[in-house]
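As a plain string of letters, each chain reads:
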Amino acid sequence: MKKLFIVLFVMPVMLALPFNSYAVSPERQDELMHLLKQDCGSCHGMTMKGGLGPALLPATLIKTPDYILENTIKYGRETLAMPAWDGILNSVEIEWLVDQLKEGIE
Ligand code: HEC
């Protein structure tokens, strides 16, 4: 009976959770795009072509695995002027931003 309960009730919830937590709402996507252009853009350039920080264009990012880029955004590289965004952006939002950068923003 306990196994049946787990299969019928616990499993579906466990399966559904990641899908929900991966979603970034359309409103939040707008905010993140604004942040990317204004805040990140102040160092990386409004169009991500670089400035104080390196260019964040698909061609320059393609060689670097997502998790490395995500860690750089999350924890920053303090000694190299890249601030940490941990606490401001959650992991899902950072993954979403890296996806946008790798696809290229206009
Ligand atoms: C104060 C300036 C500054 C701001 C603001 C800033 N960055 Fe950076 N960023 C840098 C610098 C400088 C580096 C290069 C560090 C190094 O040489 O390792 C960097 C590196 C990176 C890298 C790694 C690039 C690579 O090819 O390895 C990513 C990704 C990145 N930044 C994304 C972002 C995002 C996203 C934001 C906004 C949420 C942001 N940065 C805001 C200065 C900044």
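The structure under discussion appears in the preceding block.
All figures in this text were calculated on a predicted structure; none of them were measured in a lab. (Residues numbered from 1 in each chain as written. Predicted model: local features only at pLDDT ≥ 70, side-chain atom pairs only at ≥ 80, totals over all residues. Heavy atoms only, no water.)

S.K.: Before we go on, may I ask you to explain the pattern of salt bridges in this structure?
M.R.: Pairs can form between side chains of opposite charge once their charged atoms are near each other. Counted under the stated rule, the structure contains three salt bridges. For Glu93, the salt bridge goes to Arg28, with nearest N and O atoms at 2.6 Å. Remark: Arg28 occurs in helix α2 (residues 26-44) and Glu93 occurs in helix α5 (residues 91-103); sequence separation between them is 65 residues. Classification of Arg28 by relative accessible area gives partly exposed; the value is 23%. (Salt bridge = Lys/Arg side-chain N within 4 Å of Asp/Glu carboxyl O. Helix = DSSP H or I, 4+ residues; strand = E, 2+ residues; numbered from the N terminus. Buried < 20%, exposed > 50% of the residue type's maximum accessible area, 1.4 Å probe, protein only.)

S.K.: Honestly, helix α4 (residues 66-75) in this entry has me stumped. Any pointers?
M.R.: Think of an α-helix as turning once every 3.6 residues; residues three or four places apart then point the same way. For α4, the set of buried residues is Leu69, Glu70, Thr72, Ile73 and Lys74. The inward-facing, buried residues of α4 abut α3 (58-61) and α5. At the exit of α4 stands Gly76, carrying a positive phi of roughly 70 degrees. (Contact = heavy atoms within 4.5 Å.)

S.K.: What's the story with the site of the ligand in this structure? I'm lost.
M.R.: The local shell around the ligand holds 20 residues, among which Cys40, Cys43, His44, Arg77 and Met82 are the closest. Elements represented by at least two residues in the shell around the ligand include exactly α2 and α4. No other element matches α2, which puts six residues into the shell around the ligand. Taken together, the residues of the shell around the ligand break down into 15 nonpolar, three polar and two charged. (Near = heavy atom within 4 Å. Nonpolar A, V, L, I, M, F, W, Y, C, P; charged D, E, K, R; others polar.)

S.K.: In this structure, what is going on with the coordination of the iron atom of the ligand? I would like to understand it.
M.R.: Around a metal, the idealised angle for a tetrahedral arrangement of four donor atoms is 109.5 degrees; for an octahedral arrangement of six donor atoms it is 90 or 180 degrees. The protein atoms that coordinate the iron atom of the ligand are His44 (NE2) and Met82 (SD), at distances of 2.0 to 2.2 Å. If you look at the iron atom of the ligand, its six donor atoms make angles of 86 to 179 degrees with each other, and the shape they trace is octahedral. A residue pair is termed long-range when its members are at least 10 positions apart, and His44 in helix α2 and Met82 in the loop between α4 and α5 qualify at 38 residues. Taking relative accessible area as the criterion, His44 reaches 9% and is therefore assigned buried. For Met82, a relative accessible area of 16% gives the class buried. (Donors = N, O, S within 2.8 Å, 3.2 Å for Na, K, Ca; no water. Tetrahedral: all angles 85-135°; square planar, octahedral: opposite > 155°, others 65-115°.)

S.K.: I'm lost on α2 in this one. Help?
M.R.: Of all the bends found along α2, the most pronounced is centred on Leu36 and spans about 30 degrees. Every buried residue of α2 is listed here: Leu32, Leu35, Leu36, Cys40, Gly41 and His44. As for α2, its buried residues are in contact with α5. One or two positions beyond α2, positive phi appears at Gly45, with a value near 90 degrees. (Bend = angle between axes of the 7 residues up to and from the residue.)

S.K.: Looking at this structure, how should I read the environment of Cys43?
M.R.: Residue placement: Cys43 occurs in helix α2. The class of Cys43 is partly exposed, set by a relative accessible area of 23%. Taking the C-alpha atoms as reference points, Cys43 and Ala55, twelve residues apart in sequence, are found 9.3 Å from one another. Beyond its immediate sequence surroundings of up to four residues, Cys43 is in contact with Gly50, Gly51, Leu52 and Gly53.

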